[in-house]
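Reading the structure
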Amino acid sequence: MPLRIYNTASRKLEIFSPATDKSVSLYTCGPTVYDYPHIGNWASFIYWDTLVRVLKFSGYNVTRVMNLTDVGHLVSDADDGEDKLEKGARREGKSAWEIADFYIADFKSGMKSLNLIQPEYLARATDYIPQQLELIRQLKAGGYTYQISDGIYFDTSKFSRYSDFARLDLKSQKAGARVKLNTEKHRPWDFALWKFTEPGKKRDMEWETPIDILAIKPEQYSNPIMGFPGWHLECSAIAMSLLGKTIDIHTGGIDHIPIHHTNEIAQSESATKQPFAHYWLHNNHLKINNSKVSKSLGNGYTLQDIESHGFSPMDLRMFILQSQYTSEGNFTFDNLVAAKNRLNNWQNYAALRHQIHDRLTDDASKTDLEKFVVSTATIGAIRDALWQNLNTPKALSIIDDALSGLEEVDLDTISWSSLNQLLEAADELLGLQLLSSTPDIDDEAKQLIIRRERAREAKDWPQSDTLRDQLLKMNVVVKDTSHGPVWSRQ
RNA sequence: GGCGCGUUGGCGGAGCAGUUACGCAGCGGUCUGCAAAACCGCGUAGACGGGUGCAACUCCCGUACGUGCCUCCA
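These numbers were taken from a predicted model, which means no experiment stands behind them.

Reading the values: the criteria
Residue numbers restart at each chain and count upward from 1, following the sequence in its written direction. Here the convention is simple: chains get letters from A, ligands get numbers from 1, in the order in which they are written. Totals for whole chains, interfaces and linings use every residue, but because this is a predicted model, local features are given only for residues with pLDDT of at least 70 and side-chain atom pairs only at 80 or more, for both listing and counting. Side-chain metrics rest on all non-hydrogen atoms present in the structure, leaving aside hydrogens and water. Each helix corresponds to a stretch of at least 4 residues labelled H or I by DSSP, and each strand to a stretch of at least 2 residues labelled E; elements are numbered beginning at the N terminus. Burial classification: accessible surface area is computed with a 1.4 Å probe over protein chains only, and a residue below 20% of its type maximum counts as buried, one above 50% as exposed, and the rest as partly exposed. Whether two residues touch is decided by their heavy atoms; if any such pair falls within 4.5 Å, the residues are in contact. Note on areas: Shrake-Rupley with a 1.4 Å probe; residue coverage comes only from the protein chains shown. By the counting rule applied here, Lys and Arg register as positive and Asp and Glu as negative, while His and the ends of each chain are not counted. Positions of charges follow a simple convention, taking NZ of Lys, CZ of Arg, CG of Asp or CD of Glu. Ring geometry is summarised as follows: Phe, Tyr and Trp rings, the Trp one being its six-membered ring, pair when their centres sit within 6.5 Å, and such pairs are stacked at plane angles under 30 degrees, edge-to-face over 60 and tilted between the two. For two strands to be treated as a pair, DSSP must find no fewer than two bridges joining them. Here a crossover is taken to be right-handed if, once the strands point away from the viewer, the path from the first strand over the helix to the second is traced clockwise. Axes here refer to lines fitted to C-alpha atoms; in helices the fit is confined to the stretch in contact. Angles between the N-to-C directions go from 0 to 180 degrees. Only buried residues count toward a nonpolar core, which is a set of Ala, Val, Leu, Ile, Met, Phe, Trp, Tyr and Cys residues joined through side-chain atoms within 4.5 Å. The length a helix should cover is 1.5 Å for every residue beyond the first. Polar contacts, as used here, are pairs of N or O atoms within 3.5 Å; protein pairs need one atom able to donate a hydrogen and one able to accept it. Residues neighboring in sequence count only if both atoms are side-chain atoms.

Section: the overall build of chain A
Along its length, chain A carries 14 helices and 19 strands. On the principal axes, the C-alpha backbone points of chain A span a range of 100 × 50 × 35 Å. The buried share of chain A, taken over its 490 residues, is 51%. Of the contacts formed within chain A by residues at least 6 apart in sequence, a portion of 77% connects residues at least 24 apart. Total accessible area on chain A is roughly 22000 Å²; 50% of this is exposed by carbon and sulfur atoms. Distance between charge centroids for chain A: 4 Å, based on 55 positive and 65 negative side chains.

Here is the structure:
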């Protein structure tokens, strides 16, 4: 069974096959670092992290780039309004550079707490200004640009396939119906490659516009014209400079199909005459309380909000994995509780491995057939589920099935190594930290459990209950099963 | 106005043309010193109306409702 993924470019489920045998180049549109990401943003990054995990698990050598948009993303994608970074700076009384640094640090720490694998390259747009200017240069040379009073624009009429990717009928789009149109643009969907700093203004982030990309003669050029890159440009420039002209997989949110990715394709392919990406994957949006996440509705919960409600980042991760990336999830705190409980149950199963080990006296005397073995076929089945367009809910259900058998049987009969293999594979593929979140209990707690068993044998219930309370204070819960006591963490 | 998507049991959420998804929550029972767990069972899901099939939650058409994009947003 091959790895299949849904390619937005073809609108079909396709068998994945990278250009180079066992290497995969992967580009993910990263955050605009002007504010805390909300859980919808994180959902996207959790899904793409799962993709990376699946590829690595399948033996691919993955080189992944994620950009950090720290300049040029305007309040409106239609090349109007203020730069988000500059706006954030004004809001917080800092410079745009300080804003970017702060939210980049926050993003990295969020990635860590959600156990997202760090991409090989986390690239700041402002670190790639020369590459972006070079791309403009190439496009200008090819006749794809024009200049108007506020910047240099991409002429979409020169790229005949412009509307193919999003399958939009541009004529029927009511572009600018609700925003003031830039009347100088030749077409509403032409987009800025480089914007000039407003005359008489000084931006925190601005660069001198090289004269050779300007449509003026050198003798007319007196004072430097300052400017900054358009939002779409960075992704093409960063991706191509780090991964080459054609990349295997490009991922991003579903909202990026009609504008951002359409524009990336237009400018990249106009410059190189080669396909920009073979596979385009898009995650659907997470709804919150059945409505969309929107800054204006104020429902964009952050990771900090989740934690202040008493949930862990892994609870959120479990919640996100419970629905498939192409479907529209719905977040409520009740649903998060369900995910938390499920994860907690898994952690209790994971903790059994310490208790099997403790009792392991004559492991060799029992054959695998006599033991409860989590078969390697289970791990294969998990992988197969994920290979089916990252069907994470299916993968979770397979793990549920495998784990739920464990508590019915005598612990002595469970194969320690096969349980460990399952947990390792689950962690590798889903990143839920089942192993690291369930360390063994200390010797003191173990002694208390033994003493409690003695008390129970002597039918000394008050003593037994006292010991149980003592363990509870150490966050260890003891349950008396028909096969003896089993502990778990509270 | 244009283009698109969705509608599964209390909630979340998959696959599949014919066999229990799965999870969380709930109810009843067994077991049990108590508690918890575990186990067994229960609630008879598939918006509505047609159509094609021996057979449809699963394919096709229509209707209703919801929702997304064409501003911002993963």
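What to know about the packing of aromatic side chains
Working definition: an aromatic ring pair is given by the centre-to-centre distance plus the angle between the planes. Applying the stated rule across the entire model yields 21 aromatic pairs. The interplanar angle of 85° and the centroid separation of 5.2 Å between the aromatic rings of tyrosine 36 and tyrosine 103 together place this pair among those described as edge-to-face. Pair noted here: tyrosine 36 is in the loop between strand 3 (23–28) and helix 1 (39–57) and tyrosine 103 is in helix 3 (residues 96–113), with a separation of 67 residues, a long-range link. In this structure tyrosine 36 comes out as partly exposed when scored by relative accessible area, which is 32%. When the centroid spacing of 5.3 Å and the interplanar angle of 75° are considered together, the rings of phenylalanine 45 and phenylalanine 107 count as edge-to-face. Of this pair, phenylalanine 45 sits in helix 1 while phenylalanine 107 sits in helix 3, and the two are 62 residues apart along the sequence. Using a relative accessible area of 6% as the deciding quantity, one classes phenylalanine 45 as buried.

Thoughts on the pairing of strand 14 (residues 277–283)
Each regular strand shows side chains that alternate between the opposite faces of the sheet. Within strand 14, six of the seven residues are buried, which leaves it mostly tucked inside the rest of the structure. Pairing of strand 13 (residues 247–253) with strand 14 involves six bridges; the strand directions are parallel. In the strand pairing of strand 14, glycine 252 is matched with histidine 282. For the crossover that starts at strand 13, traverses helix 6 (residues 257–272) and ends in the parallel strand 14, the hand is right-handed.

Details of the environment of tryptophan 346
Of note, tryptophan 346 is situated in helix 9 (residues 333–359). Tryptophan 346 sits in the buried class, given a relative accessible area of 1%. Remark: the alpha-carbon pair of tryptophan 346 and threonine 438, spanning 92 residues in sequence, is separated by 10.0 Å. Leave out the neighbours within four places in its chain, and tryptophan 346 touches Met318, Leu396, Ile399, Asp400, Leu403, Leu432 and Leu434.

Observations regarding the sheet that holds strand 4 (residues 61–68)
The strands making up a sheet are joined through hydrogen bonds of the backbone, oriented either antiparallel or parallel. Spatial strand order, 7-4-3-13-14: five strands in an open sheet with parallel pairing. At either margin of the open sheet sits one strand with a lone partner, and together these are strand 7 (121–124) and strand 14. Taken over all neighbouring pairs, the strand axes of this sheet differ in orientation by 20° on average, direction set aside. Here three bridges tie strand 3 to strand 13, and the two strands are oriented parallel to one another. What sits directly across from leucine 26, in strand 13, is isoleucine 249. Against the sheet, helix 5 (residues 231–243) makes contact with strand 3, strand 4, strand 7 and strand 13, and its axis sits at roughly 150° relative to strand 4, the strand it touches most.

Observations regarding the nonpolar core
Ranked by internal contacts, the top residues of the largest apolar core, which has 127 residues, are Phe16, Tyr27, Leu55, Ile249, Phe331 and Leu432. Counting residues per element, this core draws most heavily on helix 1, at eleven residues. Excluding anything up to four places from it in sequence, isoleucine 249 contacts Ile5, Phe16, Val24, Ser25, Leu26, Tyr27, Leu51, Leu55, Tyr279 and Leu281. Listed in part, the ten residues of the second largest apolar core include Ala351, Ile449, Val478 and Trp487.

Overview of the sheet that holds strand 12 (residues 226–229)
Taken in spatial order, the five strands make up an open sheet running 8-9-10-12-11, and their pairing is antiparallel. The open sheet has two edge strands, strand 8 (145–148) and strand 11 (207–208), and neither has a second partner. As judged from the four bridges shared by strand 8 and strand 9 (residues 151–154), these two strands associate in the antiparallel manner. Paired with isoleucine 148 across the bridge in strand 9 is glycine 151. Across the sheet, helix 4 (residues 129–141) is in contact with strand 8, strand 9, strand 10 (191–196), strand 11 and strand 12; its angle to strand 10 comes to roughly 120°.

Comments concerning the side chain of serine 488
Turning to its location among the elements, serine 488 is positioned in strand 19 (residues 484–489). Not counting residues up to four positions away in its chain, the partners in contact with serine 488 are Asn348, Asn475, Val476, Val477 and Lys479.

Examining unusual backbone geometry
Phi is positive for asparagine 389, close to 55°, though the residue is something other than glycine. Positionally, asparagine 389 belongs in the loop between helix 10 (376–387) and helix 11 (392–404). One non-glycine residue, leucine 390, adopts positive backbone phi at about 55°. Among the secondary structure elements, leucine 390 is positioned in the loop between helix 10 and helix 11.

Some words on helix 14 (residues 461–473)
The end-to-end C-alpha separation of helix 14 is 18 Å, in line with the 18 Å expected for 13 residues at 1.5 Å each. Of the surrounding elements, those touching the buried residues of helix 14 are helix 13 (443–457) and strand 18 (476–481). With a side-chain oxygen lying 3.3 Å from the backbone nitrogen of glutamine 463, the N-terminal cap of helix 14 falls on aspartate 460. At the C-terminal side of helix 14, asparagine 475 shows a positive phi close to 65°.

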